Amino acid sequence: MSKVVSSVYIYGKNGNIYRNPSQVLSTTLHELSHIAHCSSVGFLKFAQTEDHIKEAYTTAVQWDMTIKEYYDLYLKEHTALSDLLNFITSQKWPLHNRSNKYSPLFIDMIDDYDQNIGGSYLVDKVKGISLNEISYNLGHFMTINDFKQYVMSRSGFLKEKQLYFDLYEKKYVKQ
């Protein structure tokens, strides 16, 4: 693990411009999630895991921890602010770049927010899988197809899940 840890660098400055603290926190959570993933499944299995799975997991952890931080701090009691936070953190992932390994795959399985406002994003009518469940089973998800089979084997939302994965694979996965 020390070799993996030593290869992770997080910079607070890009050239002459300082990154804002929320960007540094976001990057830190993301990169630490890669280390946790590698530690939990072992280096060989981690290295063989598709980038789409690796990045979907780290972005879900980053998103989940950020949501918890802000809700715990001051948004629990403020409905309008909570709604705004849900909107801001709803992960607006563009559909135009099929080579992009970053996606809302795991977030969409966790949250109950359908970000398909105006038809520019994935239709997200699937929910009910927790980040803990994903983390616990992470060693079994080496490919998108592995994760799809797991999700499809669960009861409920069968049609919605199939539609989601069809669109996901069409928009995010190189064919």
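Per-chain numbering applies: the sequence of each chain, read as written, is numbered from 1 onward. Thresholds applied to this predicted model are a pLDDT of at least 70 for local features of residues and 80 or more for the giving and counting of side-chain atom pairs; totals over whole chains, interfaces and linings are not thresholded and use all residues. Working from all heavy atoms in the structure, the side-chain values ignore hydrogens and water.

**A closer look at the overall build of the chain**
Helix and strand content of the chain: nine helices and two strands. Strands here are runs of E lasting at least two residues and helices are runs of H or I lasting at least four, both read from the DSSP assignment and numbered beginning at the N terminus. For the chain, the N- to C-terminal ordering of α and β elements is α-β-β-α-α-α-α-α-α-α-α. The rule is simple: take the accessible area with a 1.4 Å probe, protein chains only, and divide by the maximum for that residue type; under 20% is buried, over 50% is exposed, in between is partly exposed. Across the 175 residues that make up the chain, the buried fraction comes to 36%. Contacts: residue pairs with any heavy atoms within 4.5 Å of one another. Of all intrachain contacts in the chain linking residues separated by at least 6 positions in sequence, the fraction that spans at least 24 positions is 59%. If you sum the accessible surface of the chain, you get close to 10,400 Å²; carbon and sulfur atoms cover 56% of it. Only the protein chains shown count as cover for residues, and the accessible areas themselves come from Shrake-Rupley with a 1.4 Å probe.

**A short note on the environment of Lys13**
Within the secondary structure layout, Lys13 lies in strand 1 (residues 13-14). Taking relative accessible area as the criterion, Lys13 reaches 39% and is therefore assigned partly exposed. Along the sequence, Lys13 and Val24 sit 11 residues apart, while their C-alpha atoms lie 9.3 Å from each other. Sequence-distant contacts of Lys13, defined by excluding residues within four places in its chain, comprise Tyr18 and Arg19.

**A word on helix 2 (residues 21-41)**
Multiply 1.5 Å by the residue count of a helix minus one, and that product is the helix's expected span. With 21 residues, helix 2 should reach 30 Å at 1.5 Å per residue; the first-to-last C-alpha distance of 30 Å fits that figure. Of all the residues in helix 2, the buried ones are Leu29, His30, Ser33, His34, Ile35, His37, Cys38 and Val41. At the exit of helix 2 stands Gly42, carrying a positive phi of roughly 95°.

**Structural notes on the environment of Gln23**
Counting through the fold element by element, Gln23 comes out in helix 2. Look at Gln23 and you get partly exposed, because its relative accessible area is 39%. Once the C-alpha coordinates of Gln23 and Gly12 are considered, the two residues, 11 residues apart in sequence, prove to be 8.5 Å apart.

**Looking at the environment of Ala56**
Mapped onto the fold, Ala56 is located in helix 4 (residues 51-75). Using a relative accessible area of 0% as the deciding quantity, one classes Ala56 as buried. Separated by 51 residues in the primary sequence, Ala56 and Ile107 have C-alpha atoms spaced 7.6 Å apart. With sequence-adjacent residues up to four places away left out, Ala56 is seen in contact with Ser103, Leu105 and Phe106.

**Things to note about helix 9 (residues 158-172)**
Under the 1.5 Å per step criterion, the end-to-end length of helix 9 is 21 Å for 15 residues, consistent within 8% with the ideal 21 Å. Turning to helix 9, its buried residues are Lys161, Tyr164, Phe165, Tyr168 and Tyr172. Down the axis, helix 9 shows its buried residues gathered within 95° of arc, on one side only. Across from the buried face of helix 9, at angles greater than 90 degrees, the exposed residues are Lys159, Leu163 and Lys170. By construction, the arc corresponds to the directions joining the helix axis to the C-beta atoms.

**What to know about the packing of aromatic side chains**
For Phe, Tyr and Trp, rings pair up if their centres lie within 6.5 Å, where Trp contributes its six-membered ring, and each pair is then called stacked (planes under 30 degrees apart), edge-to-face (over 60) or tilted (otherwise). Counted by the stated rule, this structure contains seven aromatic pairs. The interplanar angle of 50° and the centroid separation of 6.5 Å between the aromatic rings of Phe106 and Phe141 together place this pair among those described as tilted. Placement of Phe106 in helix 6 (residues 105-110) and of Phe141 in the loop between helix 7 (131-136) and helix 8 (144-153) is noted, with a sequence separation of 35 residues between them. Take Phe106 and Phe141: they sit in the same class, and that class is buried. Seen from their ring centres, Tyr164 and Tyr168 are 6.1 Å apart, and the 20° between their planes marks the pair as stacked. You can see Tyr164 and its partner Tyr168 sitting in helix 9, four residues apart, about one turn around the helix. Relative accessible area serves as the criterion here: at 1%, Tyr164 is assigned to the buried category.

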